Amino acid sequence: MKDTFFKIKQIAGLVVFIAVLSVMGMVTGKPLMMLAYAGFFLLMSLIVYLSLKNHQRHFEVVSKSNKTLRTIMAVVFMLIAIIAPLLIAQYSEVISLPESITAGAAVGIMLGITLVFIALILLAVYLINIKGQTVANRSIGYISFFVAAILPGLLMSTVNRTTMGIGSVYYVAMAVLILAYNARNLFCYQD
């Protein structure tokens, strides 16, 4: 009975997770995009599930794994995480860029900010979860996570101080965080 309740909670959590992330489609101004976002995140969740399905569960050790497939998926997830903010800014109304910035400068700035954000998050995960034996490592990890958490809102507040503008950039940051974290887990997975 406990196992069944656990599975029900997992499925309900996944449904809520996809529903919350699909709300990002509403900020584009087109309600139909909500279904597109839901489909995208459902597909990504399915890919992660299928790639991790045959790996260790609880105390059961599974020896077979496909390292090449995991590496390819990690690279794909990381590339999507890096270019997602750029695509969202270019093809939607979610992130409004100032008119004074040229297209080339916008691409460079957004790619740079995205890479810094991903690096800060992955550094925080590494220092807290892997090298977290000392207080200094954990402290630096939490500071890194704090800086990464305020970076999107701080940068967006210089362009658009509305609640919708700052909230939208955090939806994008959450998608980047999830994709980058899953890419890291797929790449660093150990049998």
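Rules used in this analysis
- Residues numbered from 1 in each chain as written.
- Predicted model: local features only at pLDDT ≥ 70, side-chain atom pairs only at ≥ 80, totals over all residues.
- Heavy atoms only, no water.
- Helix = DSSP H or I, 4+ residues; strand = E, 2+ residues; numbered from the N terminus.
- Buried < 20%, exposed > 50% of the residue type's maximum accessible area, 1.4 Å probe, protein only.
- Contact = heavy atoms within 4.5 Å.
- Areas by Shrake-Rupley, 256 points an atom, 1.4 Å probe, with all protein chains shown as cover.
- Axes fitted to C-alpha atoms, helices over the stretch in contact; angles between N-to-C directions.
- Parallel < 35°, antiparallel > 145°, perpendicular 65-115°, else oblique.
- Left-handed = near helix turned anticlockwise from the far one by under 90°.
- Nonpolar A, V, L, I, M, F, W, Y, C, P; charged D, E, K, R; others polar.
- Core = buried A, V, L, I, M, F, W, Y, C linked by side-chain atoms within 4.5 Å.
- pLDDT = per-residue confidence, 0-100.
- Expected span 1.5 Å × (residues − 1).

Engineer: Explain the overall build of the protein chain here, please?
Structural biologist: A count of helical and extended segments in the protein chain gives six helices and zero strands. The secondary structure elements of the protein chain, listed N-terminal to C-terminal, are α-α-α-α-α-α. Taking all 191 residues of the protein chain together, the buried fraction comes to 33%. Of the contacts formed within the protein chain by residues at least 6 apart in sequence, a portion of 63% connects residues at least 24 apart. Accessible surface, the protein chain as shown: approximately 12200 Å² in total, 72% of it carbon and sulfur.

Engineer: Explain the packing of helix 4 (residues 103-130) against helix 6 (residues 163-187) to me, please; I cannot follow it from the model alone.
Structural biologist: Contact geometry for helix 4 and helix 6: axes closest at 10 Å, N-to-C directions at 50 degrees. As judged from the angle between their axes, helix 4 and helix 6 are oblique. Helix-helix and strand crossings are classified by hand; for helix 4 and helix 6 the assignment is right-handed. Residues Thr114, Phe117, Ile118, Ile121, Leu122, Val125 and Ile130 of helix 4 form the contact with helix 6, whose participating residues are Ala173, Val176, Leu177, Ala180, Tyr181 and Arg184. Its residues placed into classes, the contact of helix 4 with helix 6 shows 11 nonpolar, one polar and one charged.

Engineer: Is there a simple way to think about the nonpolar core in this case?
Structural biologist: Soluble globular proteins tend to pack their nonpolar side chains together in the buried interior. Judged by nonpolar contacts, the single largest core of 20 residues is most densely connected at Phe77, Met78, Ala81, Phe117 and Ile118. Leu86, Ile88, Ile95 and Val169 belong to the second-largest nonpolar core, a separate cluster that totals 12 residues.

Engineer: Hey, could you run me through the confidence of the model for the protein chain in this one?
Structural biologist: Segments scoring low in pLDDT should not have their predicted coordinates read at a detailed level. Mean pLDDT over the protein chain works out to 81, with 87% of the residues at or above the 70 mark. The element-level mean pLDDT for the protein chain is lowest in helix 1 (residues 2-22), coming to 75, with helix 5 (residues 135-157) highest at 91.

Engineer: Would you take a moment to explain helix 6 for this structure?
Structural biologist: Every α-helix winds through 3.6 residues per turn, so residues three or four apart in the chain are directed the same way. Over its 25 residues, helix 6 extends 36 Å from the first C-alpha to the last, a length consistent with the 36 Å expected when each residue adds 1.5 Å. Within helix 6, the full set of buried residues consists of Gly165, Ser168, Val169, Val172, Ala173, Ala175, Val176, Leu179, Ala180, Ala183, Arg184 and Leu186.

Engineer: Explain the environment of Leu42 to me, please; I cannot follow it from the model alone.
Structural biologist: Residue position: Leu42 is located in helix 2 (residues 32-52). Using a relative accessible area of 49% as the deciding quantity, one classes Leu42 as partly exposed. Separated by 25 residues in sequence, Leu42 and Phe17 have C-alpha atoms that sit 9.5 Å apart.

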